[in-house]
Amino acid sequence: MSNMQRSGCPITNVLDLIGDRWSLIIVRDLFIGRKTFKEFLNAPEGIASNILTSRLKSLTQSGFINYTRNPNNKKVKFYYLENKGIDLYPILYEMSMWSERNLNKPFHPLSTRWYLENKEKEPHLVIENEKNNYIKLRHELLEEVGKFV
């Protein structure tokens with residue numbers, strides 16, 4: 001991605017980085033515990049391997065995610081969210097809540113359960129809790145592979 005801005009609009013600038021069809025799905029997957037290429041590839045949305053490779057590279061170059069190698073198999077990368085990626089959680093939260101309120105579609109049981117658990121809670125508390133839970137998960141992953149952030 002070029003360093004040149006296409007527009008002075010903050011929304012345009014965010015969409016230039018994560019506005020494709022797959023980037024936020026990958027970020028969502030990281031929040032729910034997926035961390036390997038194979039796990040992303042096996043997600044229900046069915047991303048093609050070449051697109052997944054491209055999006056992982058783009059998200060890494062943009063500083064949203066990073067990876068470390070599996071100490072037991074150096075061919076396997078464990079992806080994780082950087083703080084910049086964790087800061088996307090409020091967007092995921094609002095998109096999820098909007099979808100539940102405005103789309104008349106059946107959702108995955110995991111999404112339905114999440115919505116029911118969180119719909120009556122203060123949004124800022126849910127967001128902070130999810131972000132903090134992910135930071136703990138990331139720390140455990142990096143501690144496990146012997147790399148600390």
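S.K.: Please clarify how the packing of helix α2 (residues 23-31) against helix α6 (residues 89-102) should be interpreted in this entry.
M.R.: When two helices pack together, their arrangement is given by the angle between their axes and by how far apart the axes lie. With their axes 11 Å apart at the nearest point, α2 and α6 run at an angle of 100 degrees to one another. For the element pair α2 / α6, the angle class is roughly perpendicular. Taken together, the residues of α6 that come into contact with α2 (itself represented by Leu 24, Val 27, Arg 28 and Phe 31) are Tyr 89, Ile 91, Leu 92 and Met 95. Grouping the constituent residues of the contact of α2 with α6 by class yields 7 nonpolar, no polar and 1 charged.

S.K.: What is the right way to read the side chain of Asn 70 from this model?
M.R.: With respect to the element layout, Asn 70 can be found in strand β1 (residues 65-70). Given a relative accessible area of 13%, Asn 70 falls into the buried group. Excluding residues that lie within four positions of it along the chain, Asn 70 makes contacts with Val 76 and Phe 78.

S.K.: I keep staring at α6 and nothing clicks. Help me out?
M.R.: In an α-helix, one full turn covers 3.6 residues, which means residues spaced three or four apart are oriented alike. The end-to-end C-alpha separation of α6 is 20 Å, in line with the 20 Å expected for 14 residues at 1.5 Å each. Along α6, the residues that are buried comprise Tyr 89, Leu 92, Tyr 93, Met 97 and Ser 99. Around the axis of α6, the buried residues are gathered within 160 degrees of arc, so they sit on the same side. The inward-facing, buried residues of α6 abut α2, α5 (83-86), α7 (109-118) and α8 (123-144).

S.K.: Before we go on, may I ask you to explain the pattern of salt bridges in this structure?
M.R.: Side chains bearing opposite charge may pair, as long as their charged atoms lie close to each other. Under the defined criterion, the tally for this structure stands at 7 salt bridges. Notably, a salt bridge pairs Asp 29 with Arg 28, separated by 2.6 Å at the nearest N-O pair. Take Arg 28: its relative accessible area is 25%, and that puts it in the partly exposed class. Where Arg 113 meets Glu 117, a salt bridge forms, and the shortest distance between an N and an O atom there is 3.6 Å. Taken together, the residues span about one helical turn, with Arg 113 and Glu 117 both in helix α7 at a distance of 4 residues. Taking the relative accessible area as the measure of exposure, Arg 113 reaches 49% and is therefore partly exposed. A network of salt bridges, in which partner residues are shared, links Arg 28, Asp 29, Arg 34 and Glu 45.

About the cut-offs
Residues numbered from 1 in each chain as written. Predicted model: local features only at pLDDT ≥ 70, side-chain atom pairs only at ≥ 80, totals over all residues. Heavy atoms only, no water. Axes fitted to C-alpha atoms, helices over the stretch in contact; angles between N-to-C directions. Helix = DSSP H or I, 4+ residues; strand = E, 2+ residues; numbered from the N terminus. Parallel < 35°, antiparallel > 145°, perpendicular 65-115°, else oblique. Contact = heavy atoms within 4.5 Å. Nonpolar A, V, L, I, M, F, W, Y, C, P; charged D, E, K, R; others polar. Buried < 20%, exposed > 50% of the residue type's maximum accessible area, 1.4 Å probe, protein only. Expected span 1.5 Å × (residues − 1). Arc of directions from axis to C-beta. Salt bridge = Lys/Arg side-chain N within 4 Å of Asp/Glu carboxyl O.

These figures come from the coordinates and say nothing about function on their own.
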